[in-house]
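Structural overview for review
The lines below spell out each chain.
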Amino acid sequence: MTRKIVKLALQAIVNHKMRSFLTMLGIIIGVMAVVILVSITQSAATGITSSISDMGSQLITASVTSDEVSLSRESVESLAGTGAIQAVAPTITSSETARHKGESGSYTVAGVTPAYFDVQGVAVQSGRAIAESDLDSSTWVAVLGTEAAYDLFGTWDAVGGTITLGERNYKVIGVLEEQGSSLAGSDDSRILIPYTTAQRATGQKGVGSFYVKASSEGTVSLAMNTVEAYLLQATRDEDAYSVSNQSQVLDTMDEVDNTMSLLLGGIAAISLLVGGIGIMNIMLVSVTERTREIGIRKAVGAKRRHILLQFLCESCILSLLGGAVGLALSFGAVAFYNLAAGSSASLNWAIGGAAILFCGVIGILFGSYPAAKASRLQPIEALHTL
């Protein structure tokens, strides 16, 4: 009997192909909205999380937010070697236009110390890094990221060349290894110059921000407490500075990712509910159109539960089939998005499975009333429509 009921439900769907397709369209769009939005959002969040993780869990970022506080480089660097802290790298950052033989571009210029390369985990692929002698003499030299080198010189082989920043010429002494993009901005598009040279160029005397590398992952909390205690003593104001660690950023990103996934999933799920209403509407129309069929089936012995199951099965098949088509189209849509945007988003099959399951629930929920209405028809009343 169950096989016969499913066969009758499929036959009814096939007999009205266009109407069945239009009925499923709301479910198809709803599933696509849920799966595509959540998959792309989670993929983007995963990429950002990976970028943060690559920066190292031992990295601590500190900055002074008050203009009334001025920290000396020597004072900040004295934090290094305190046990919990391995190295400290103060920085001075500005945006400058770099020029070389007709080529120009706007780049982030960072005044750094030799410790910067260790703290940030960046290495030089050719030439040399900034040395203490460069800081002592405030030399006009620069280390280029690969992107900056290629933009200005047309090649990564830029060591020995000269670039102009502002009104000064800088000799290129090194090119960094390629890093790729990251949340904090890649050094590929940065130009690094000696810290003291940046002080002369910008006129900035105090340290506005600095990076700290903890001795190990186990001493990160102690290192953060050390930095916070130092800044509190130096500023006498808890609101005059900020200290953050990558693990804190990762926790925040996880919370944002979960919230965004729930928000987008909830918004997209509304489309599924609208599709369910469409199924209920069409099933009610179908019950009215097929009153004669229902009367004949009851007259030849069909029970109320048989009619109920037939229409409920038809509703579920429409909903599940629409969900399956929507999931298949989502796979193609994500692949097209990756091709067009150069992304590496992947379909979240768990969300896809949940969406299909939700489609089944919608089929039962919104098909129950039309099915119950059909099952309550009396044979004599149904046959009166002949």
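What counts, and where the lines are drawn
- Residues numbered from 1 in each chain as written.
- Predicted model: local features only at pLDDT ≥ 70, side-chain atom pairs only at ≥ 80, totals over all residues.
- Heavy atoms only, no water.
- Core = buried A, V, L, I, M, F, W, Y, C linked by side-chain atoms within 4.5 Å.
- Buried < 20%, exposed > 50% of the residue type's maximum accessible area, 1.4 Å probe, protein only.
- Patch = residues over 30% accessible without salt bridge, like charges linked within 9 Å, V, L, I, M, F, W, Y side chains within 5 Å.
- Areas by Shrake-Rupley, 256 points an atom, 1.4 Å probe, with all protein chains shown as cover.
- Salt bridge = Lys/Arg side-chain N within 4 Å of Asp/Glu carboxyl O.
- Helix = DSSP H or I, 4+ residues; strand = E, 2+ residues; numbered from the N terminus.
- Axes fitted to C-alpha atoms, helices over the stretch in contact; angles between N-to-C directions.
- Left-handed = near helix turned anticlockwise from the far one by under 90°.
- Contact = heavy atoms within 4.5 Å.
- Nonpolar A, V, L, I, M, F, W, Y, C, P; charged D, E, K, R; others polar.
- Pairing = 2+ DSSP bridges.
- 1 Å grid on protein atoms, 1.4 Å probe; cavity = no way out; pocket = protein on both sides within 12 Å on 5 of 7 lines; lining within 4 Å.
- Points joined across faces, edges and corners; volume = space filled by probe spheres on them.
- Phe/Tyr/Trp six-rings, centres within 6.5 Å; stacked < 30°, edge-to-face > 60°.

1. With respect to the nonpolar core
- Core analysis: the biggest nonpolar cluster contains 59 residues, and L144, I163, I191, L192, F210 and L231 have the highest contact counts within it.
- One finds I28, V287, L318 and L327 within the second-largest nonpolar core, a separate group that totals 33 residues.

2. Quick notes on a nonpolar patch on the surface
- Where nonpolar side chains cluster on the molecular surface, the patch consists of M18, F21, L22, L25 and I29 and spans about 480 Å² of accessible area.
- Within the secondary structure, L22 is located in helix α2 (residues 17-54).

3. Some words on the packing of helix α10 (residues 291-299) against helix α11 (residues 304-341)
- At a minimum axis separation of 10 Å, α10 and α11 run at an interaxial angle of 140°. Pair α10 / α11 crosses with right-handed handedness. Contacts from E293, I294, R297 and K298 in α10 reach R304, H306, I307, Q310 and F311 in α11.
- When its residues are assigned to classes, the contact of α10 with α11 shows three nonpolar, two polar and four charged.

4. A look at the pairing of strand β10 (residues 241-245)
- Alternating residues of β10 divide into Y241, V243 and N245, all buried, and S242 and S244, none buried.
- Where strand β1 (residues 59-64) and β10 come together, five bridges link them in antiparallel fashion. Its bridge partner lying in β10, A62 is registered against V243.

5. So, the environment of A335
- Its location among the elements puts A335 in helix α11.
- Note on A335: relative accessible area 39%, which makes it partly exposed.
- Between the C-alpha atom of A335 and that of A345, which follows or precedes it by 10 residues, the distance is 8.0 Å.

6. Description of empty space enclosed by the protein
- Enumeration according to the criterion identifies one cavity of 30 Å³ or more in this entry.
- In terms of lining, the largest cavity is formed by A12, I13, H16, R19, S20, T23, I282, M283, S286, E314 and L318.

7. Side note on the packing of aromatic side chains
- This structure, assessed with the given rule, holds four aromatic pairs.
- With a centroid separation of 5.4 Å and an interplanar angle of 80°, the aromatic rings of W140 and Y170 are classed as edge-to-face. On the criterion of sequence distance, the pair formed by W140 in the loop between α5 (132-137) and β5 (141-144) and Y170 in strand β7 (residues 168-176) is long-range, its members being 30 residues apart.
- What makes Y170 buried here is its relative accessible area of 3%.

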